[in-house]
Amino acid sequence: MKVAIHISHEALYKIGGIGEVLTGLCTAPCYQNFFEKTLFYGPLFEYIGSASTRLGKDGVVYYSSRDNYDTGHFGKLFSPILERYNIHIVYGKRRLISDLNPSRQAKVDVLLIDITQMKKEEVTYLKYLFWERFDLPSDKYERDWDYEQYFRIGICYYELLKLLYPKAQRFYHFGHEYMGIPSLLALELHPEFNPERHLRIFYAHEVAPVRRIVEDLPGHDIAFYNLLENSKNTEKGLEEVFGSQMDWYRTPLVKLAHRFDRIFAVGDLVAEEYKFLVPEVDSSKLKVVYNGLPLDHIAYEEVQQSRQKFSRCLSQKGCERVDLILSHACRLVKSKGVWRDIKLLSFLDTPLHKAGLKAIYFLLASQVSQGRPIDVVDRMVSEYGWPFEHRIGWPDLIGYEIDIYQLIERFNSRSQAIKAIFINQFGLSKRKCGIDFPEDITTRDLKLASDAELGFSVYEPFGISHIEVLPSGGLSLLSTSCGVYYLLEKVFPEDFKPYVAINFVEIAKALPEEVLLNLTSDKREVLEELAIAKNTEAILKKLPKSERERRLLYEKCQLYLNRLDWESIIKMYFLPALEET
């Protein structure tokens with residue numbers, strides 16, 4: 001029996017990109033044919049609801065030790081470990097359903113560990129072993145609970161697996177990001193650990209210190225990726241160029257992943273970043289394993305229906321005609337490069353106005369991960385017409401949202417053909433966004449209706465959302481700093497590319513190291529404008545400006561979509577990387 005264990009902070013809920021990847025993997029038929037069992041493993045963050053609902057609406061709880069809830073004989077099975085470590089567990093199953101293709105479903109085992117009261121002597125002993133074997137000074141990081149909780153779930157990891165799957169011939173341990181690394185390191189220290197039966201994989205959805213550096217550098221990706229490229233000649237490692245990154249607990253954990261059997265990088269740049277951070281890594285361990293899309297056939301009539309929903313919504317606001325719908329749905333963080341969207345809109349506005357075309361740009365992004373509460377939304381809508389109008393301060397604009405809205409306001413005050421609408425909410429629906437939206441509208445409708453999805457990220461290890469418009473015939477407008485660009489180049493032929501990738505990095509490739517390190521935000525913005533100006537004509541040419549052009553783009557895309565599907569990605573990249581000897 002082959003058992004896959006995925007260690008993640010999204011073992012219970014799909015919070016972001018890793019949850020999307022887990023759902024895509026586990027619901028694909030070829031994944032299910034390869035693994036007989038899949039377990040999601042992680043910390044128990046909180047006790048919500050009753051004992052029987054601790055695994056959410058799509059979960060079934062078999063056992064919850066703290067609640068004395070037992071549907072079988074699990075208490076007898078787990079009690080020796082619970083007593084030894086003074087932990088509690090919640091164990092059961094979760095049903096996964098693909099959002100874009102509901103016909104794809106999966107059931108996975110879930111094991112969540114409450115380690116808040118774990119015996120101190122067990123924790124201290126493993127920290128000593130980690131220091132002795134791996135030179136990992138846990139005492140520097142243990143005040144950060146995020147480090148501590150993922151360290152602690154590794155202490156009892158091996159013993160729990162032995163109890164749950166005593167007949168398993170082979171275990172595939174997937175440590176998603178830094179969260180899974182302590183558990184995989186702890187395996188190595190167990191007396192019964194057998195490398196032939198246990199394949200350890202670091203699933204690199206990013207390289208944590210790299211994201212921090214790119215976001216903090218005034219020159220962002222323009223500076224960083226040129227410095228990375230220069231390092232191939234100078235043979236300097238990342239910390240030689242940017243200084244030690246060991247102040248942050250994620251850095252030493254990620255660096256230790258070079259001990260594992262595989263490193264799955266979700267994009268070509270992630271593989272390069274890891275080599276930059278850990279020059280001593282065995283390159284044969286690094287495998288580029290792209291993400292995919294959970295594809296289902298989308299009829300063109302669905303695209304038209306979604307566009308009509310937005311037309312009805314916008315007509316209530318005095319916008320009777322919309323020729324082009326542009327969008328960007330993302331987490332509102334600096335790495336998404338949203339200011340670059342506004343720069344592009346400024347370049348597109350005049351030629352679209354001359355052509356007599358009208359466009360709307362929707363930015364669906366929020367700094368509030370759980371979204372604005374419904375009662376608050378209703379009040380903002382009635383008081384001043386949110387989200388078409390905004391006010392600074394909670395419950396409306398906060399933090400980085402204010403900066404972005406000010407950019408949008410300045411753009412809207414000058415633009416003629418394009419108007420930008422900022423929906424600072426997590427997800428799109430009438431309930432979440434107010435009475436001006438149709439009853440049945442969803443975030444999926446925004447993907448289906450969009451003629452283009454913008455995503456000129458400064459750091460984007462992959463970027464699933466960038467390509468979610470392709471099945472409905474939309475364009476993907478992205479930067480070459482996005483990992484998905486390299487997959488698109490492999491999927492689409494030279495004579496048909498439903499995307500435009502702007503290479504912001506190339507424009508500064510001749511600059512010396514000292515200049516790149518000290519590149520100011522003002523100079524970086526000038527370089528960005530040059531890169532966008534250089535690509536504006538190509539974008540204008542590819543944007544579908546009529547129903548006929550829109551349908552033609554949709555029909556052409558259908559010929560290549562299967563290569564982006566999770567099923568194809570797993571067959572082409574994931575399974576070969578696993579089975580390689």
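Structural data are supplied above this passage.
Let me sum up the structure you'll find in this document. (Residues numbered from 1 in each chain as written. Predicted model: local features only at pLDDT ≥ 70, side-chain atom pairs only at ≥ 80, totals over all residues. Heavy atoms only, no water.)

1. Comments concerning the layout of surface pockets
Computed from the structure, the second largest pocket encloses a volume of approximately 470 Å³. Every residue lining the second largest pocket is counted, 18 residues in all, and those nearest its centre are Trp339, Lys343, Leu407, Arg410 and Glu525. Breaking the lining of the second largest pocket down by element, the ones donating at least two residues are helix 14 (338-354), helix 16 (400-414) and helix 21 (521-542). Among the elements that take part in the lining of the second largest pocket, helix 16 stands out by supplying 8 residues, more than any other. Of the residues contributing to the lining of the second largest pocket, the split by class is 6 nonpolar, 4 polar and 8 charged. (1 Å grid on protein atoms, 1.4 Å probe; cavity = no way out; pocket = protein on both sides within 12 Å on 5 of 7 lines; lining within 4 Å. Points joined across faces, edges and corners; volume = space filled by probe spheres on them. Helix = DSSP H or I, 4+ residues; strand = E, 2+ residues; numbered from the N terminus. Nonpolar A, V, L, I, M, F, W, Y, C, P; charged D, E, K, R; others polar.)

2. Remarks on the nonpolar core
Ranked by internal contacts, the top residues of the largest apolar core, which has 189 residues, are Tyr41, Phe224, Phe574 and Leu578. No other element matches the 8 residues that helix 23 (residues 566-579) contributes to this core. Setting aside residues no more than four positions away along its own chain, Tyr41 makes contact with Ile5, His6, Ile7, Ser8, Ala11, Leu111, Ile113, Ile153, Cys156, Tyr157, Leu160 and Ser183. Residues Cys313, Leu314, Ile360 and Cys433 belong to the second largest nonpolar core, which totals 18 residues. (Core = buried A, V, L, I, M, F, W, Y, C linked by side-chain atoms within 4.5 Å. Buried < 20%, exposed > 50% of the residue type's maximum accessible area, 1.4 Å probe, protein only. Contact = heavy atoms within 4.5 Å.)

3. Remarks on the pattern of salt bridges
Using the criterion set out here, one finds 45 salt bridges in the structure. Glu148 is the partner of Lys127 in a salt bridge, and the nearest nitrogen-oxygen pair spans 2.9 Å. Taken together, the residues span a long stretch of sequence, with Lys127 in helix 4 (residues 120-134) and Glu148 in helix 5 (residues 145-152) at a distance of 21 residues. Accessibility classification places Lys127 together with Glu148 in one group, the buried group. In this structure, Arg551 and Glu301 form a salt bridge, with 3.9 Å as the shortest nitrogen-oxygen distance. One end of the pair, Arg551, is in helix 22 (residues 547-558); the other, Glu301, is in helix 13 (residues 300-315), with 250 residues separating them in the sequence. A single network of salt bridges, built from pairs that share partners, joins Lys127, Glu142, Glu148 and Arg152. (Salt bridge = Lys/Arg side-chain N within 4 Å of Asp/Glu carboxyl O.)

4. Notes on unusual backbone geometry
With an omega of 0 degrees, the peptide bond running from Trp386 to Pro387 counts as cis. Structurally, Pro387 is set in the loop between helix 15 (374-384) and helix 16. Positive phi, normally seen in glycine, also occurs at Asn68, with a value near 55 degrees. In this structure Asn68 comes out as exposed when scored by relative accessible area, which is 71%. Residue Asp135 is not a glycine yet carries a positive backbone phi of 60 degrees. Positionally, Asp135 belongs in the loop between helix 4 and helix 5. By relative accessible area, which is 61% here, Asp135 ends up exposed.

5. A closer look at the packing of aromatic side chains
Going through the model one piece at a time under the given rule, you end up with 42 aromatic pairs. Seen in terms of ring centroids, Phe34 and Tyr172 are 5.7 Å apart; in terms of plane orientation they differ by 70 degrees. Their pairing is edge-to-face. Taken as a pair, Phe34 in helix 2 (residues 29-34) and Tyr172 in strand 7 (residues 170-176) lie far apart in primary sequence, 138 residues in all. Since its relative accessible area comes to 10%, Phe34 is described here as buried. Here the aromatic rings of Phe456 and Phe504 are separated by 6.1 Å at their centres, their planes lie at 75 degrees, and the arrangement is edge-to-face. With a gap of 48 residues between them, Phe456 in the loop between strand 14 (452-455) and strand 15 (475-479) and Phe504 in the loop between strand 16 (499-502) and helix 20 (513-517) connect regions that are remote in the sequence. Each of the two residues, Phe456 as well as Phe504, counts as buried. Grouping aromatic residues by their ring pairs yields a cluster made of Phe130, Phe134, Tyr141, Tyr147, Tyr150, Phe151, Tyr178, Trp248 and Tyr249. Lying across the ring of Phe151, Lys127 places its NZ or CZ 5.7 Å from the centre. (Phe/Tyr/Trp six-rings, centres within 6.5 Å; stacked < 30°, edge-to-face > 60°. Lys NZ or Arg CZ within 6 Å of the ring centre and 35° of its normal.)

6. Points about the pairing of strand 15
When you tally the buried positions in strand 15, you get 5 out of 5 residues, the bulk of the element. Side-chain alternation along strand 15 places Leu475, Leu477 and Ser479 on one buried face and Ser476 and Leu478 on a second face that is also buried. Across 4 bridges, strand 14 lies against strand 15 in parallel orientation. The residue bridging Gly455 from the neighbouring strand is Leu478, located in strand 15. Handedness of the crossover joining strand 15 and strand 16 through helix 19 (residues 484-491): right-handed. (Pairing = 2+ DSSP bridges. Right-handed = clockwise from strand over helix to strand, strands pointing away.)

7. Topic: the sheet that holds strand 6 (residues 105-114)
Spatially, the 10 strands line up as an open sheet ordered 4-3-5-6-2-1-7-8-9-10, and their pairing is mixed. This sheet does not close on itself; its edge strands, each paired only once, are strand 4 (69-70) and strand 10 (286-288). With 5 bridges joining them, strand 3 (residues 59-64) and strand 5 (residues 88-97) adopt antiparallel strand pairing. Its bridge partner being in strand 5, Gly59 is matched across the sheet by Arg94. Strand contacts of helix 12 (residues 268-277): strand 8 (198-204), strand 9 (262-265) and strand 10, with the helix running at about 160 degrees to strand 10, the strand carrying the most contacts. (Axes fitted to C-alpha atoms, helices over the stretch in contact; angles between N-to-C directions.)

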